[in-house]
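Structural description and commentary
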Amino acid sequence: MTPSTPVIAIRDLHKSYGSLEVLKGVDIEARRGDVVSLIGSSGSGKSTLLRCANLLEDSQQGEVLFKGEAVTWKGTGHSRRPSDAKQVLRIRTNLSMVFQQFNLWSHLTILQNVMEAPVTVMRRAPSEVEPRARDYLAKVGIGDKCDVYPAQLSGGQQQRAAIARALCMEPEAILFDEPTSALDPELEQEVVRVIKALAEEGRTMIIVTHDMKMAREVSNHVVFLHQGLIEEEGPPETLFGNPQSERLRGFLTSTQ
Ligand code: ADP
Ligand code: MG
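Being a predicted model, the structure only gives us computed values, none of them experimental. (Residues numbered from 1 in each chain as written. Chains lettered and ligands numbered in written order. Predicted model: local features only at pLDDT ≥ 70, side-chain atom pairs only at ≥ 80, totals over all residues.)

Description of the site of ligand 1
What counts is decided by this rule: Near residues are defined by distance alone, with the backbone-placed C-beta atom required to lie within 6 Å of the molecule or strand. Helix numbering and strand numbering both begin at the N terminus, where a helix is a DSSP run of H or I of at least 4 residues and a strand a DSSP run of E of at least 2. Any residue that is not Ala, Val, Leu, Ile, Met, Phe, Trp, Tyr, Cys, Pro, Asp, Glu, Lys or Arg is counted as polar, Gly included; the first ten are nonpolar and the last four charged.
Around ligand 1, the neighbouring residues are Tyr17, Leu20, Val22, Gly40, Ser42, Gly43, Ser44, Gly45, Lys46, Ser47 and Thr48. Contributions of two or more residues to the shell around ligand 1 are made by strand E2 (20-30) and helix H1 (46-53). Looking at the shell around ligand 1 element by element, the count peaks at 3 residues for H1. A per-class count over the shell around ligand 1 returns 3 nonpolar, 7 polar and 1 charged.

Some remarks on helix H5 (residues 155-168)
For clarity, the threshold we go by: For a helix, the expected span equals 1.5 Å multiplied by the number of residues minus one. Using C-beta atoms placed from the backbone, we call a residue buried if 20 or more other C-beta atoms fall within 10 Å of its own, exposed if 12 or fewer do, and partly exposed for counts in between.
Here H5 contains 14 residues, and its C-alpha end-to-end distance of 20 Å stays within 8% of the 20 Å for a straight helix at 1.5 Å per residue. For H5, the tally of buried residues reaches 13 of 14 residues, placing the bulk of the element in the interior. Backbone geometry just after H5 places Glu170 at a positive phi near 50°.

Overview of the UniProt feature "domain: ABC transporter" (unreviewed entry) in the protein chain
Just so we agree on the cut-off: UniProt positions are given in the numbering used here, feature names are shortened, and annotations may be inferred rather than shown by experiment.
The feature "domain: ABC transporter" (unreviewed entry), as annotated in UniProt, sits at residues 8-252 in this numbering. Taken end to end, residues 8-252 is 38% helix and 26% strand, and its first and last C-alpha atoms sit 27 Å apart.

As for the sheet that holds strand E10 (residues 205-208)
This is how the line gets drawn: At least two bridges found by DSSP between two strands are what make those strands a pair. Lines are fitted to the C-alpha atoms to define the axes, a helix being fitted only along its stretch in contact, and any angle between axes, read from their N-to-C directions, falls within 0 to 180 degrees.
In spatial order, the strands read E8-E9-E10-E3-E11-E12; together these 6 strands make up an open sheet with mixed pairing. The sheet is open, and its two borders are formed by strand E8 (95-98) and strand E12 (229-234), each paired with just one other strand. Neighbour to neighbour, the strand axes of the sheet diverge by 20° on average, direction disregarded. The pairing of strand E9 (residues 173-177) with E10 spans 4 bridges and is classified as parallel. Bridge pairing in E10 places Phe176 opposite Ile207.

A short note on the confidence of the model for the protein chain
Definition in use: A residue's pLDDT is the confidence the predictor assigns to it, expressed on a 0 to 100 scale.
When pLDDT is averaged along the protein chain, the result is 96, and 100% of the positions lie at 70 or above. Model confidence for the complex is summarised by a pTM of 0.96, with the ipTM given as 0.98.

Focus on unusual backbone geometry
Among all residues save glycine, negative phi is the norm, and among peptide bonds the norm is trans. Even without being a glycine, Phe102 presents a positive backbone phi close to 65°. Considering the arrangement of structural elements, one finds Phe102 in the loop between E8 and helix H3 (110-120). Notably, Glu178 is not glycine yet its phi reads approximately 50°, a positive angle. Examined against the element boundaries, Glu178 turns out to sit in the loop between E9 and helix H6 (185-200).

Considering the sheet that holds strand E5 (residues 69-70)
Inclusion rule: It is the C-beta atoms, placed from the backbone, that decide contacts: two residues are in contact if theirs lie within 7 Å.
In spatial order, the strands read E2-E1-E4-E5; together these 4 strands make up an open sheet with antiparallel pairing. Each end of this open sheet is capped by a strand with a single partner; those strands are E2 and E5. Both strand E4 (residues 61-66) and E5 contribute to a ladder of 2 bridges, which runs antiparallel. The residue bridging Phe66 from the neighbouring strand is Glu69, located in E5. Running at roughly 60° to E2, H1 makes contact with strand E1 (8-17), E2 and E4 of the sheet.

Here's what the structure looks like:
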């Protein structure tokens, strides 16, 4: 992989649910250190695109490349599936997802949640993972919450635990799907601060967000998706400061 090889690249991706075509030929990529924000109306295909990127969803056409390595497929159209389970696991563990609803295990402590995937999926020794898990929990500001259960935390703390869990996979990139949408405004900011700190340390991230202020502050590239197609993309200053398309102007007005 040369420095210019994207960590994750999607080329001409098409995805349908039955007869509903949700992605109609989308290209997106993130190079090391890129923070790409993905914006667009509800239903435009943002979550589907993230899920296709880390192979939680199949797609019917187009390519997904991880560090230049193309996902291999068997079958075509609606029967197309990745053909190499090891490759899928490698890609999925290297593109950690953070979801709107945190998705923490309610029966595990915060520390156990953060350690779970490295230990059970990646087969790392618990003794090796635990110090790292504690460090990441400290880094997101909840180092004192290791032994409590998710229900004992605020939404903002739970989302920070979910970010620590993603970090503990030591992924090449993190994919965020509306990480602040389920939070009250005052809790939103504590999660935004963590994401900003990750951006400043050069993490590669793709962030689906409705928070235009955060998108403007943290990303170096913004992609506006409309009905399964990229309508406009560019650096945040241009996209927010000088939007070209009528649709993007309308969308930005509606989010103010
Ligand atoms: P966004 O994240 O931009 O709001 P989504 O990617 O969630 O959009 O959804 C895009 C479209 O795909 C919507 O019309 C949605 O109803 C549809 N969709 C999403 N997931 C499924 C599914 N599992 N089955 C059928 N349709 C789906
Ligand atoms: Mg969504």
